[in-house]
Amino acid sequence: MTWWRVARLACAMTWPALLLLAGCGGSGQSTLAPAGDGSRRVAALWWLLFGISVVVIAVIVVLVLWAAWRRRGPGVKVRLGSGQRLVLVAGVVLPAIVLVFVYVVSLPVLRSLGVRRDPGQVVVEVTGHQWWWEVRYPGTSAVTANEIHVPVGRTVHLRLATADVNHSFWAPAFTVKTDLVAGRVNDLWLRADHAGVFRGQCAEYCGSQHARMAFHIVAQPPDAFAAWLAGQARPAAAPARGAAALGLRVLQSAACASCHTVRGTTANGRIGPDLTHVASRRFLAAGAVPNTRGFLAGWIADSQTIKPGNKMPPQPLPSQQLQALIAYLESLR
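Residues numbered from 1 in each chain as written. Predicted model: local features only at pLDDT ≥ 70, side-chain atom pairs only at ≥ 80, totals over all residues. Heavy atoms only, no water.

Colleague: Looking at this model, I keep getting lost on the side chain of Q201. Mind explaining?
Modeller: Secondary-structure assignment places Q201 in strand β9 (residues 196-202). Taking the relative accessible area as the measure of exposure, Q201 reaches 10% and is therefore buried. Separated by 3.4 Å, the side chain of Q201 and the backbone oxygen of A211 make a polar contact. Those residues within four positions of Q201 in sequence are excluded, and the remaining contacts are Q29, W133, S168, F169, W170, H210, A211, R212, M213, A214 and F215. (Helix = DSSP H or I, 4+ residues; strand = E, 2+ residues; numbered from the N terminus. Buried < 20%, exposed > 50% of the residue type's maximum accessible area, 1.4 Å probe, protein only. Polar contact = N/O pair within 3.5 Å; in protein donor to acceptor, adjacent residues only side chain to side chain. Contact = heavy atoms within 4.5 Å.)

Colleague: What is the right way to look at the layout of surface pockets in this model?
Modeller: Rolling a probe over the atoms, with the probe sized like a water molecule, indicates the empty space that remains. If you add up the space inside the largest pocket, you get close to 610 Å³. As for the largest pocket, its lining consists of 34 residues, and the residues nearest its centre are H260, G272, P273, W299 and M312. Those elements that provide at least two residues to the lining of the largest pocket are α6 (256-259), β11 (283-284), α7 (293-302) and α8 (319-330). In terms of residue class, the lining of the largest pocket is built from 23 nonpolar, seven polar and four charged. (1 Å grid on protein atoms, 1.4 Å probe; cavity = no way out; pocket = protein on both sides within 12 Å on 5 of 7 lines; lining within 4 Å. Points joined across faces, edges and corners; volume = space filled by probe spheres on them. Nonpolar A, V, L, I, M, F, W, Y, C, P; charged D, E, K, R; others polar.)

Colleague: Quick question: what am I supposed to make of the pattern of salt bridges here?
Modeller: Close approach of charged atoms allows side chains of opposite charge to pair. Taken as a whole and assessed by the stated rule, the structure comprises seven salt bridges. The residue E134 makes a salt bridge to R136 at a minimum N-O spacing of 2.7 Å. Measuring nitrogen to oxygen at the nearest pair gives 3.8 Å for the salt bridge that ties D274 to R263. A residue pair is termed long-range when its members are at least 10 positions apart, and D274 in the loop between α6 and β11 and R263 in the loop between α6 and β11 qualify at eleven residues. This pair shows no difference in class: D274 is buried, exactly as R263 is. (Salt bridge = Lys/Arg side-chain N within 4 Å of Asp/Glu carboxyl O.)

Colleague: Help me out: how do you make sense of the sheet that holds strand β6 (residues 167-170) in this one?
Modeller: Two orientations exist for strands paired in a sheet by backbone hydrogen bonds: parallel and antiparallel. Strand order in the open sheet made by the five strands is β4-β10-β9-β6-β7, with mixed pairing throughout. Only two strands of the sheet have a single neighbouring strand rather than two, namely β4 (147-151) and β7 (178-180). Neighbour-to-neighbour, the strand axes of the sheet open up by a mean angle of 25°, direction not taken into account. Bridge count between β9 and strand β10 (residues 214-220): six bridges; the pairing is antiparallel. Counterpart to G196 in the pairing with β10 is A219. Running over the sheet, helix α4 (residues 222-233) touches β4 and β10 and is turned about 135° from β4. (Pairing = 2+ DSSP bridges. Axes fitted to C-alpha atoms, helices over the stretch in contact; angles between N-to-C directions.)

Colleague: Looking at this model, I keep getting lost on α4. Mind explaining?
Modeller: Residue pairs three or four apart in sequence face the same way in an α-helix, which turns once every 3.6 residues. Taking 1.5 Å of rise per residue, the twelve residues of α4 would be expected to cover 16 Å, and the 16 Å separating its terminal C-alpha atoms lies within 8% of that figure. Taken together, the buried positions of α4 are F225, W228, L229, G231 and Q232. The arc that holds the buried residues of α4, viewed along the axis, is 160°, so those residues lie on one side. Exposed side of α4, more than 90 degrees from the buried face: D223 and A227 are the residues found there. Elements that come into contact with the buried residues of α4 comprise β1 (122-129), β3 (143-145), β4 and β10. (Expected span 1.5 Å × (residues − 1). Arc of directions from axis to C-beta.)

Colleague: How should I be thinking about a nonpolar patch on the surface in this particular structure?
Modeller: Nonpolar side chains collect at one region of the surface, where L88, V89, V92, V93, L94 and I97 lie side by side and expose about 520 Å² of accessible area between them. Position of V89 relative to the elements: it lies in helix α3 (residues 80-112). (Patch = residues over 30% accessible without salt bridge, like charges linked within 9 Å, V, L, I, M, F, W, Y side chains within 5 Å. Areas by Shrake-Rupley, 256 points an atom, 1.4 Å probe, with all protein chains shown as cover.)

Colleague: In this structure, what is going on with the packing of helix α5 (residues 242-253) against α8? I would like to understand it.
Modeller: Geometry of a packed helix pair, given as the angle between the helix axes and the separation of the axes. With their axes 7 Å apart at the nearest point, α5 and α8 run at an angle of 105° to one another. By the criterion of interaxial angle, the relationship of α5 to α8 is roughly perpendicular. For the pair α5 and α8, the contacting residues are A243, A244, L246, G247, L248, V250 and L251 in the first and Q320, Q321, A324, L325, A327, Y328 and L329 in the second. Class assignment of the residues belonging to the contact of α5 with α8 gives a composition of eleven nonpolar, three polar and no charged. (Parallel < 35°, antiparallel > 145°, perpendicular 65-115°, else oblique.)

In structure tokens:
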């Protein structure tokens with residue numbers, strides 16, 4: 001075998017690893033960009049496994065190159081006994097040692113992600129729907145959707161459930177994924193080290209719009225979180241006049257009130273997200289589009305063009321009523 005063929009073989013074995021490294025750049029949702037103690041332990045374990053993998057790949061490449069070099073000349077013989085010892089050591093003994101080592105090292109990480117008994121922890125109830133997230137804060141009236149606010153430096157206890165099919169809650173900046181299984185509630189704990197906005201995703205296929213079932217965790221200083229929670233617990237303010245006042249009447253008389261709740265009004269639907277403070281959210285439709293006036297109008301008029309298959313039917317409102325409804329929804333902060 002010529003040297004250029006050996007080089008081609010080595011490249012063919014190493015380029016997949018190079019592609020994996022190329023995908024490790026910043027994307028806003030990465031296990032390798034930890035923002036909490038749980039994710040930091042997971043990232044450390046990942047780097048350990050990556051290092052072991054690099055060593056294994058390097059050994060395999062060296063052995064392949066060595067075998068290719070040995071085959072250059074005719075009549076090369078390999079003793080059977082030495083080959084059997086090599087297979088026994090490299091194929092049985094070393095993998096067993098590596099697997100036992102990784103198992104032992106992983107146990108403290110698994111224990112650290114378990115139950116945390118913290119009397120000052122914040123409890124948040126998260127319910128998965130096709131294809132959005134309902135977020136409630138027990139003990140308060142605060143209800144939001146697709147956006148989970150947490151205080152920096154405090155333990156947050158997430159109680160995860162599903163309203164329909166199985167989902168999976170994955171916030172890679174904080175912890176491992178946890179399934180939402182029909183008929184039961186699963187528990188997850190996390191703690192944010194610093195303020196910021198961190199993207200999460202449903203990690204269990206749940207239907208045609210599974211890929212567009214994202215959420216954002218907003219970590220805030222404790223004082224800012226307390227102010228946000230108090231604001232979210234208040235009912236919607238009633239506009240006195242103008243387009244927003246007309247928009248409130250439109251909302252209560254149209255199909256919106258049958259599917260959505262706006263606390264402080266007669267809208268008391270339970271099918272779609274609570275809209276009491278919808279204007280304070282960064283995104284619409286579980287991260288599908290930004291919460292801007294144009295996308296809000298498009299979502300109301302025909303949400304199927306943005307997120308096909310969702311449960312919201314088109315709302316063919318006259319232009320004046322649509323603009324008034326948008327003005328009212330934009331006032332809900």
